[in-house]
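A look at the structure
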Amino acid sequence: YRTLTRRISAASDRGDWARVVSQCRAADALYRGELDCPGVDGDLIAAERRSLAADQQVLLADAAEAAVRAGQPHDAVALARRAAADPFDERATRALICAHLDLGEVAYAVAAYHRCRSVLADELGVDPAPATTAVYVAAMRGDRAVALAT
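Source: prediction; values computed, not measured.

Summing up its helical and strand segments, the protein chain has eight helices and zero strands in all. Secondary structure elements of the protein chain occur, N-terminal to C-terminal, as α-α-α-α-α-α-α-α. Relative to its 150 residues, the protein chain shows a buried fraction of 36%. The long-range fraction of contacts in the protein chain, counting pairs at least 24 apart against all pairs at least 6 apart in sequence, stands at 54%. In the structure as shown, the protein chain presents an accessible area of about 8000 Å², 53% of it carried by carbon and sulfur atoms.

Time to look at a nonpolar patch on the surface. On the surface, Phe 88, Leu 124 and Val 126 cluster together into a nonpolar patch covering about 260 Å² of accessible area. With respect to the helices and strands, the residue Leu 124 is situated in helix α6 (residues 106-124). Here Leu 124 falls in the exposed class, since its relative accessible area comes to 52%.

What follows deals with the packing of helix α1 (residues 2-14) against helix α3 (residues 42-69). For the pair α1 and α3, interaxial distance at closest approach is 12 Å and the crossing angle is 30°. The orientation of α1 with respect to α3, classified from their angle, is roughly parallel. Viewed along their axes, α1 and α3 form a crossing whose handedness is left-handed. Facing Arg 2, Thr 5 and Ile 8 of α1, the residues of α3 in contact are Glu 48, Ser 51, Leu 52, Asp 55 and Leu 59.

It is worth spelling out the pattern of salt bridges at this point. One pass over the structure, following the stated rule, counts eight salt bridges. A salt bridge links Asp 16 to Arg 14, with the shortest nitrogen-to-oxygen separation between them at 3.9 Å. Between Arg 82 and Asp 28 there is a salt bridge, and its shortest N-O distance comes to 2.6 Å. Residue Arg 82 is located in helix α4 (residues 73-83), and its partner Asp 28 is located in helix α2 (residues 17-30); the two are separated by 54 residues in the primary sequence. Three or more residues are tied together by salt bridges with common partners; here these are Arg 2, Glu 48 and Asp 55.

Rules used in this analysis
Residues numbered from 1 in each chain as written. Predicted model: local features only at pLDDT ≥ 70, side-chain atom pairs only at ≥ 80, totals over all residues. Heavy atoms only, no water. Helix = DSSP H or I, 4+ residues; strand = E, 2+ residues; numbered from the N terminus. Buried < 20%, exposed > 50% of the residue type's maximum accessible area, 1.4 Å probe, protein only. Contact = heavy atoms within 4.5 Å. Areas by Shrake-Rupley, 256 points an atom, 1.4 Å probe, with all protein chains shown as cover. Patch = residues over 30% accessible without salt bridge, like charges linked within 9 Å, V, L, I, M, F, W, Y side chains within 5 Å. Salt bridge = Lys/Arg side-chain N within 4 Å of Asp/Glu carboxyl O. Axes fitted to C-alpha atoms, helices over the stretch in contact; angles between N-to-C directions. Parallel < 35°, antiparallel > 145°, perpendicular 65-115°, else oblique. Left-handed = near helix turned anticlockwise from the far one by under 90°.

Printed below as a string of structure tokens:
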């Protein structure tokens, strides 16, 4: 899993978005969520479980962004929805907005932003990050190029 995440990072650095998506899918297939190691200190396992879960969240957001950039909007929507299961992951929301725009689904793009904004306001009392708002504004203008670059 960790070897694949290093490969993903290298492919991303090269701008090889299709490879990023395929490597993310391979890494995702390896992730099982639970880590069960009888006889190993429970605190150590809990820390590793949290680390792997955080890595998996980043991986899903990376994959969603890469799918948008690779011109794979259906994959991007599926990956971004999984990443957006963490309602505070604004990268996933931005990828979801862009993917919906690519599919011509402006209403879904706008709804994704409003869901994010509501959760952040209700749970944390904050507004979305400027980058997320910029993607939303670009979506409202129908400016996909600006949305993707943000």
